[in-house]
Every structure is written in structure tokens, then in C-alpha cells.
Amino acid sequence: MEIKQAAYVISSERLSQCPADNKNEYAFIGRSNVGKSSLINMLCNHKGLAKTSSTPGKTLLINHFIINKEWYLVDLPGYGYAKRSMKTKKKIETMITSYILQRQQLANVFVLIDIRHEPQAIDVEFLNWLGTSSIPFSIVFTKADKISTQKIKENVGRYMSRLEEDWEVLPPYFVTSSEKKIGREEMLEYIDQINKSIADGQ
């Protein structure tokens, strides 16, 4: 798939404010500072599409971007950012939960995980919640340019082994680097396949 057009559409505080059409939506979520905005900009080949920040936890709304006038890329708030107030945390949690569980247009959730770290309980818990909620999801390991090829293999294997404790069928995963544009073609091809399979099923 070639992305010819990518544009910001709307930022929503609640589900009812999201676009009213029936285009497929691909949501991106992860812990704060996982490199979500950079990955979105890399995928869309549009440096300033999603706003990057050195301060974690900047995304507080559901952000829709229209891609090729055909489908939406959705930038969700990050989870697990400790410096937010309890009220803000609860609001964001409700926003994320309602979007993921109720949004009928949602075709896939891409869960971003920093490949440099050991499996984190908060990530595993979130992945398990998606699985038990029957939400289609994939794992996107970010920042692959920061470690060696051997370390990438070891860390991915460690994550998959951890997930095997809870699941018989493992989710698809992608190894990416926003700086090196690693994983871009694979992710776009995956989205294209889902779009085609949904279209064929209608």
C-alpha cells in the first residue's frame, strides 16, 4: 500500500464526537514515551502529522487522521503515565475503554511496546484485556534501531514466551524503527490485507 494522502480530521473527548462514517479505523496505543507519534509520522511519511513531544503523556484525546480518503488512523492516549492526576487517569481510561469496546469501525489495535525493555506487567495486562474482550490487535515493537539484531530476537522471544503463558494463539507482531523506517512496508501491507478482507466480507 502507498500512502498518498494523510490529514488530521478531529480530536474527540468522547466516542460520540468521533467521525460518523463507516470507514475502517486502526488505533495506535502504548505506554507513554513509546514513540507513538514518531511511528505514525513514519508510517504516513508525514513528519508533522502527529505531534511529537519530549514530554510523555501529551496525547489526551482520540485523534483521527484520514488516510488516502479510505481509512482512519486513530492516535489514542497512552496508558500508564504516573504523573497524571487520578481524575485525569480515570477520564482517559474511560475514553480508551469506551472507544475500544464500542467503536464498531475499529478494525485493529496496534499496541506499541519499546523493544529495549523486559516484558512489563502493564503491557501484558493490556494485551490480555484486548484478547479476552475479543478485540483484534497486533504488537508493534518500537525503537529497534537502539539495540542489536541479536538483542531484538531475544527480547521478542521473551515477550512471546510470556504471552504463551496465557494464549494458545499469539498475536501478529512487527519490529519497527521510526528513524530507520523499519517495519513500515510490513505494517501497511497488513492494514491493506485487513481492509481487503473486510471489503470482501461485506
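The present account deals with the structure reproduced in this document. (Residues numbered from 1 in each chain as written. Predicted model: local features only at pLDDT ≥ 70, side-chain atom pairs only at ≥ 80, totals over all residues. Heavy atoms only, no water.)

1. Some remarks on the overall build of the chain
This is how it is decided: Strands are runs of DSSP state E lasting at least 2 residues, helices are runs of H or I lasting at least 4, and numbering of each runs from the N terminus. Only C-alpha atoms enter the radius of gyration, while the globule expectation follows 2.2 Å times N to the 0.38, with N the number of residues. The buried label applies to any residue whose accessible area, calculated with a 1.4 Å probe on protein chains only, is under 20% of its type's maximum; exposed applies above 50%, and partly exposed to all values in between. Should any heavy atoms of two residues lie within 4.5 Å, those residues are counted as being in contact. Areas reported as accessible are Shrake-Rupley estimates using a 1.4 Å probe. Residue values count occlusion only from the protein chains shown. The positive count covers Lys and Arg only, the negative count covers Asp and Glu only, and His and the chain ends enter neither. Think of each charge as sitting on NZ of Lys, CZ of Arg, CG of Asp or CD of Glu.
Along the backbone of the chain there are five helices and seven strands. Of the regular secondary structure in the chain, the N- to C-terminal order runs β-β-α-β-β-α-β-α-β-α-β-α. Taking 17 Å as the expected radius of gyration for a compact globule of 202 residues, we find that the chain reaches 16 Å, a close match to that expectation. Referenced to the eigenvectors of the C-alpha coordinate spread, the extents of the chain come out at roughly 45 × 40 × 35 Å. In the chain, which comprises 202 residues, the share counted as buried stands at 48%. Considering only contacts in the chain between residues 6 or more positions apart, those separated by 24 or more positions represent 75%. A total of about 10700 Å² of accessible surface is found on the chain, and carbon and sulfur atoms cover 48% of it. Placing the 27 positive and 23 negative side-chain charges of the chain at their respective mean positions leaves the two points 9 Å apart.

2. Quick word on helix H1 (residues 36-44)
In terms of burial, H1 is largely enclosed, as eight of its nine residues are buried. Where H1 is concerned, the buried positions are Lys36, Ser37, Leu39, Ile40, Asn41, Met42, Leu43 and Cys44. With its phi angle positive at about 55°, Asn45 sits one or two positions after the end of H1.

3. As for the pattern of salt bridges
The cut-off we apply is this: Each salt bridge in this description consists of a side-chain nitrogen of Lys or Arg and a carboxyl oxygen of Asp or Glu lying within 4 Å of one another.
Scanning the entire structure with this criterion turns up 16 salt bridges. The salt bridge partner of Asp21 is Lys23, with a shortest N-O separation of 3.4 Å. Classification of Lys23 as partly exposed rests on a relative accessible area of 26%. One network of salt bridges, in which partners are shared, links Glu13, Arg14 and Lys91.

4. Things to note about the pairing of strand E2 (residues 25-30)
Successive side chains on a regular strand alternate, one facing one side of the sheet and the next facing the other. Let me state the cut-off plainly: Strands qualify as paired when DSSP identifies two bridges or more between them.
With respect to burial, E2 is a largely interior element, six of its six residues being buried. Burial along E2 is two-sided: Glu25, Ala27 and Ile29 facing one way and Tyr26, Phe28 and Gly30 facing the other are all buried. Note: E2 against strand E4 (residues 71-75), four bridges, orientation parallel. From the neighbouring strand, Tyr26 faces E4, where its bridge partner is Leu73.

5. Here's the deal with unusual backbone geometry
Non-glycine residue Ser134 carries a positive phi angle of around 60°. Examined against the element boundaries, Ser134 turns out to sit in the loop between helix H3 (121-132) and strand E6 (137-142). Judged by its relative accessible area of 63%, Ser134 is exposed. A positive phi angle, close to 65°, is found at Lys143, a residue other than glycine. One can find Lys143 in the loop between E6 and helix H4 (149-164).

6. Observations concerning the packing of helix H2 (residues 86-102) against H3
Note the following rule: To get an axis, fit a line to the C-alpha atoms, keeping to the stretch in contact for a helix; angles then go from 0 to 180 degrees between the N-to-C directions. Throughout, a crossing is termed right-handed when the near helix is turned clockwise from the far one, and left-handed when it is turned anticlockwise from it by less than a right angle.
Closest axis-to-axis distance for the H2/H3 pair is 11 Å, and the angle between their directions is 35°. Here the hand of the crossing between H2 and H3 comes out right-handed. Together, Thr97, Ile100 and Leu101 of H2 and Phe126, Trp129 and Leu130 of H3 make up the contact between the two elements.

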